[in-house]
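Residue strings, one per chain:
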Amino acid sequence: MNAFSHPPFVPAGLKETKTTCCYCGVGCGVIVQSDGQQVVGVRGDPDHPANLGKLCTKGSTLHLSADPLLQQQARALHPELRETRAEERRPASWQETGDFLARRIADTIARHGPDSIGFYISGQLLTEDYYVFNKLAKGLIGTNNVDTNSRLCMSSAVAGYKQTLGADAPPACYEDIDHADLLFIAGSNTAYAHPILYRRIEEARRVNPGLRMIVADPRRTDTARDADLFLQILPGTDVALFNGLLHICLWEGLVDQAFIDSHTEGFTELKNAVRDYTPRHVAGICGISEEDLGKAARWFGEAKAALSLYCQGLNQSSSGTAKNAALINLHLATGQIGKPGAGPFSLTGQPNAMGGREVGGMANLLSGHRDLANPEHRAEVARLWGVDDVPATPGKTAIPMFEAVRSGEIKILWIACTNPAQSLPDQNLVQQALRHAELVIVQEAYRSTATVAYADVLLPATTWSEKEGTVTNSERRITRFKPVLPPPGEARHDWRIVVDVARRLEMLMGRERSLFSYESPEAIWNEHRETTRGRDLDITGLSYRILEEQGPQQWPFPEGAASGRKRLYEDGRFPTASGRARFVVTPYKPVAEPVDARYPFRMTTGRLRDQWHGMSRTGTVAQLFSHAAEPAVVLAPIDMERRLLKQGDLVHVTSRRGSQLLPVAGGDDMRSGQAFVAMHWGQEYVSGRSADGGGSHGVNALTLPALDPYSFQPELKHAAVKILKAELPWRFLVFGWAAPAEVLRLQAALRPYMKRFAYASCTLFGRERTGVLFRAADDYPAEPALIAEIEARFGIEGAQVLRYDDRRRGNARHLRLAEGRLEAVSLAGDIAAESWLREYLDGGQPVAALGRLLLSPSATAPQGFKARGRVVCNCHNVAESEIVDALAAQASDTPQEALCSLQQRLKCGTSCGSCVPELKKIILHESMARAEAI
Ligand code: SF4
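A short tour of the structure in this document, coming up. (Residues numbered from 1 in each chain as written. Predicted model: local features only at pLDDT ≥ 70, side-chain atom pairs only at ≥ 80, totals over all residues. Heavy atoms only, no water.)

**Quick look at the sheet that holds strand 9 (residues 212-216)**
Right, on to step 1. Here we have five strands laid out as an open sheet, ordered 10-9-8-12-13, and parallel in their pairing. If you trace the sheet from one side to the other, it starts and ends with strand 10 (229-231) and strand 13 (343-346), each paired once. Between one strand and the next, the sheet's axes are offset by a mean angle of 15 degrees, whatever the strand orientation.
Right, on to step 2. Pairing geometry for strand 8 (residues 182-186) and strand 9, over five bridges, is parallel. Looking at the pairing, Ile 185 lines up with Val 215 of strand 9.
Right, on to step 3. Contacting strand 8, strand 9, strand 10 and strand 12 (306-310), helix 14 (residues 290-302) runs over the sheet at an angle of about 120 degrees to strand 10. (Pairing = 2+ DSSP bridges. Helix = DSSP H or I, 4+ residues; strand = E, 2+ residues; numbered from the N terminus. Axes fitted to C-alpha atoms, helices over the stretch in contact; angles between N-to-C directions. Contact = heavy atoms within 4.5 Å.)

**Describing the nonpolar core**
Right, on to step 1. Ranked by internal contacts, the top residues of the largest apolar core, which has 69 residues, are Val 633, Phe 732, Phe 774, Ile 790 and Phe 794.
Right, on to step 2. What Ile 790 contacts, discounting residues up to four positions off in sequence, is Phe 732, Val 734, Leu 750, Tyr 753, Phe 757 and Phe 774.
Right, on to step 3. Counting residues in hydrophobic clusters, the runner-up holds 65 residues, among them Ala 167, Ala 186, Leu 254 and Leu 332. (Core = buried A, V, L, I, M, F, W, Y, C linked by side-chain atoms within 4.5 Å. Buried < 20%, exposed > 50% of the residue type's maximum accessible area, 1.4 Å probe, protein only.)

**Considerations on the pairing of strand 30 (residues 730-737)**
Right, on to step 1. Along strand 30, seven of the eight residues are buried, which leaves the element largely enclosed by surrounding structure.
Right, on to step 2. Of the strand pairs in this sheet, strand 30 and strand 32 (residues 771-778) are connected by eight bridges, and their pairing is antiparallel. Across the sheet, residue Trp 737 finds its bridge partner in strand 32, namely Gly 771.
Right, on to step 3. Note that strand 30 and strand 35 (residues 821-828) share five bridges and pair antiparallel. Counted as the bridge partner of Gly 736 is Ala 824 from strand 35.

**Things to note about the site of the ligand**
Right, on to step 1. Around the ligand, a shell composed of Cys 21, Tyr 23, Cys 24, Val 26, Gly 27, Cys 28, Leu 55, Cys 56, Lys 58, Gly 59, Pro 195 and Ile 196 is seen.
Right, on to step 2. Grouping the amino acids of the shell around the ligand by side-chain chemistry returns nine nonpolar, two polar and one charged. (Near = heavy atom within 4 Å. Nonpolar A, V, L, I, M, F, W, Y, C, P; charged D, E, K, R; others polar.)

This is the structure we're talking about:
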């Protein structure tokens, strides 16, 4: 899929630039080929230690997401503002916008105090952006109300590390995968969420067949299927599991007493506490067998080097800190830390969540891993910034911040590079807050996000391929983020926007010397570097020049060092007052919202393989929808059978906070009683009529805002829901190709219509061409005028349209053809012809000869038609049906042979490798089906 491959050919007039992928925390290096106006291709940077030349489906389509035609439609290009809610936003100059913001902020501070201002920013910002936001809030305005979407992502990992090891510093590195003899993956579908790291795991297992892998997860994900031992625990029971593993290690003498004695404190209390976590008790809580629990404990305790990899399954929980700490307890007790191949290694979700942590860009942190609660730390930061003091009162973290906006305590909310109207839990609260705020400032690259609809001021920001600065990945490695294109329209860099408003505010405040006299991101970074001097993350030995000349570097990298430190705590000393790591007693607490008779399903959320977060970027690339084309709630097949549900039936998924209609899909990764909805499906892609007229809000209408008491991270991973079949007999579906310069405009134009039906979704499809698919359902047929309006958006109007209308039955089929091929299709009432018409449109097959069939009442598929089905390999466009056919036609003795043969014949899994786990799953299914048939 990469637009060019090794060895690179750089045609005249094109330039190559090394930068970083803007999606997940693996932090892959990317080489971008551009002509100065357009990104024409990307490939993995073979010299970047995080990916060694590889990219996943998301990274390898970065050039498609930067397509200028798409960008023109999706991007915020000019500042816009409105002075009152009665007005529409209007275009404004940067000068007018900056003056307006400075005036409103100064006036609000004067009337209500600095804590009436709140900043909700993002782990996708660069370190330099983060730094100036933090300084503006805490240094100039004097409020700690600055929090980020990293609160939804990594704050439990931060709290877990600090409680036990004394600092927010992941001790291991990617290379440790190659040295481990046991990988323990907990609460992470690494194959989907960190695909390139997973490629490294696959390679390590290939090289070392003795490398065992245990996976603990409520779902049998692609990662879990690959495990040597899969512990399918019930949601939220991780603390009990880790305590139980430690109990067995203690009982069987598998702890490292010498390490405990020399390098830790608090073991006696923990030992007493885990006494109660007997195998039988733990197996009962977790819903696994005692035998598997015992095996996992012995594998962990006997390993020479055990490396744990974990992510949101541990973090997004009301016990997130305890889950992290309990796992770290296990590592400390067995001495599995500070040596090659060992350690508790939290995988960061976002590309620069680590950078945000480094600059202390959260409501309870300060620059350079300092704590707000520590007066000395506050004084140090005040001195470094040149201000009198830094406010002592902790700021509001994400959920309390939105509560404070709703209650009127916070008057002005400045949101940057994130989409809380999609991603925060309990969307009712979020939407009420955004409506209630006196002023909502949204600093965004994409004008298509749900949050932009609430903006009083829209500040157009630059994004990947335009920005410059640094990011830090999961293994503490700092990489330069480089621009290759000029900012589009009037978009500005995030740091520049902040600095401009800050300087105007300083003038209004009568400040003589500016705190923000930066003219480049490097100047900001150099100041940030100074704040780390003498701290655990000391980077005083680094510079932009070193990062340029010597490539990405890990911290700490203090002045005088020749290189960064690969692995932490190899000397057994920890950054606590005593120099010893601390065991933390972690009692197991159940999920915040247990299931009951009214809400009997445990709903979990998670990622799709080919999408990223709220999809503002990946959602512009049609081919990234081919693996999971439309929103769905996934249930165990047995639960569908019991409820008489068929694939695609619509169900009401309802929690105590809200409801969302969704099509149902069966998933053999699910345990009975569980439901899964991908985190990406916000109101931009799935919605429907609501009582307040605003439309339903997607997956986070259902999730709950219960917080972890230490990290304040919400429990996005679990909510109790009920699932009831929706009786919506009338169906409507329109899909068709759109001109490249129109596709996202068409999608944006269709979004308001989604609120006019009980259920509606709007997604993209296609590969060489891009199409838009609008699907709706209701309990009665829509007005013909509404249907005609929507059809007209797809060009289905006028005399050129092939029409079949059966008014008596309420069925309609309207088709727009060009040169005998389908261009757009509208189906109302009976939409059964969808299955083959979509593939005819997608494949560009001629349909002119099928005129009578198209106009017959049932429009059944032409003879011999076979559905291609879902695309599994996105790089080589290989569908599931083609894989199944190829497997039926080949004779292979082992799954590995079958995989090799598939790769030779169809090329699937030979490029980015993201589909390899799924190919293995299909091979297994097919061989079991064949064995059953014999
Ligand atoms: Fe980007 Fe994929 Fe690498 Fe993550 S694994 S940084 S999404 S290329």
